[in-house]
Amino acid sequence: MSIRHGLLALLETGARYGSQLRSDFESRTGATWPLNVGQVYTTLNRLERDGMVAQDGADEAGHALYVITDRGRAELRDWFATPVDRTNPPRDELAIKLAMAVGTPGVDIRAVIQSQRRHTVKAMQDCTRLKAQALAAIESGGSAERDDVAWLLVLEQLIFQTEAEARWLDHCEMRLIRLSAATARDERAAAEHPGASPAGEPAAPAVGGHPVRRPG
């Protein structure tokens, strides 16, 4: 998540102080990625250092106001015009967890998958309820309609993401079941025909009590 670019986008619509930027950022994104004031001011200091924002007086309460500069506008235009890089995806804790679970003694991978699926489905249901609320707010024509539309886009991305994750978990479980079944067949064949399997082959990881054969 690019906090700096989010703040630049908000400053493009007018001068703001730090707490306003935090509030407006969370309003625009539905507080999906909450910020604290320290993060905001740290980012503003860096943007000011880089010549992308500047302080421009203070409001009646004495809060220092920040405005975007021409250099900041150029940076913002480049950000909007440049696709988000997917060639180096961020680490995904769930993918790492399942990868580590394969081959870890005593771990029932199917139980891990089923537990995660329940959590993922609940998250998807929660987002769907929030989406209905956002749609109702938009249809009512409230004064914050732009923020409601922005929040709706974020919610729909989260819904699509959780739907994809649920499908991937189903796929993982089916793949592990097939691998476990294939390994069980090989073991039966080896028992019926001793000496047919390659000697010294490492033990396969277990899935729900059955070993999983590693790909050859």
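Our structure's up above, just so we're on the same page.
Here's a quick rundown of the structure. What you are looking at is a predicted structure, and each value in this text was computed from that prediction instead of being measured.

1. Considerations on the overall build of the protein chain
- In terms of regular secondary structure, the protein chain is built from seven helices and four strands.
- When the helices and strands of the protein chain are read in sequence order from the N terminus, they spell out α-α-α-β-β-α-α-α-α-β-β.
- With 216 residues in all, the protein chain has 27% of them scored as buried.
- For the protein chain, long-range pairs separated by at least 24 residues make up 58% of all intrachain contacts whose partners lie at least 6 apart in sequence.
- Surface exposure of the protein chain reaches about 13,900 Å², of which carbon and sulfur atoms provide 54%.

2. Thoughts on the packing of helix H1 (residues 3-11) against helix H2 (residues 18-29)
- One can describe the packing of H1 onto H2 by two numbers: an axis separation of 10 Å at closest approach and a directional angle of 100°. Viewed along their axes, H1 and H2 adopt a mutual orientation that is roughly perpendicular. For the pair formed by H1 and H2, the contact residues are Gly 6, Leu 7, Leu 10 and Leu 11 on the first element and Leu 21, Asp 24, Phe 25 and Arg 28 on the second.
- Class assignment of the residues belonging to the contact of H1 with H2 gives a composition of five nonpolar, one polar and two charged.

3. A short note on H2
- Counted at 1.5 Å a residue, the expected span for H2 with its 12 residues is 16 Å, and the 17 Å between its end C-alpha atoms agrees.
- Turning to H2, its buried residues number three or more, namely Gly 18, Leu 21, Phe 25 and Thr 29. Buried residues of H2, viewed axially, fall in a sector of 55°; they line one side.
- Within two residues after H2, Gly 30 carries a phi angle of roughly 65°, on the positive side.

Calculation rules
Residues numbered from 1 in each chain as written. Predicted model: local features only at pLDDT ≥ 70, side-chain atom pairs only at ≥ 80, totals over all residues. Heavy atoms only, no water. Helix = DSSP H or I, 4+ residues; strand = E, 2+ residues; numbered from the N terminus. Buried < 20%, exposed > 50% of the residue type's maximum accessible area, 1.4 Å probe, protein only. Contact = heavy atoms within 4.5 Å. Areas by Shrake-Rupley, 256 points an atom, 1.4 Å probe, with all protein chains shown as cover. Axes fitted to C-alpha atoms, helices over the stretch in contact; angles between N-to-C directions. Parallel < 35°, antiparallel > 145°, perpendicular 65-115°, else oblique. Nonpolar A, V, L, I, M, F, W, Y, C, P; charged D, E, K, R; others polar. Expected span 1.5 Å × (residues − 1). Arc of directions from axis to C-beta.

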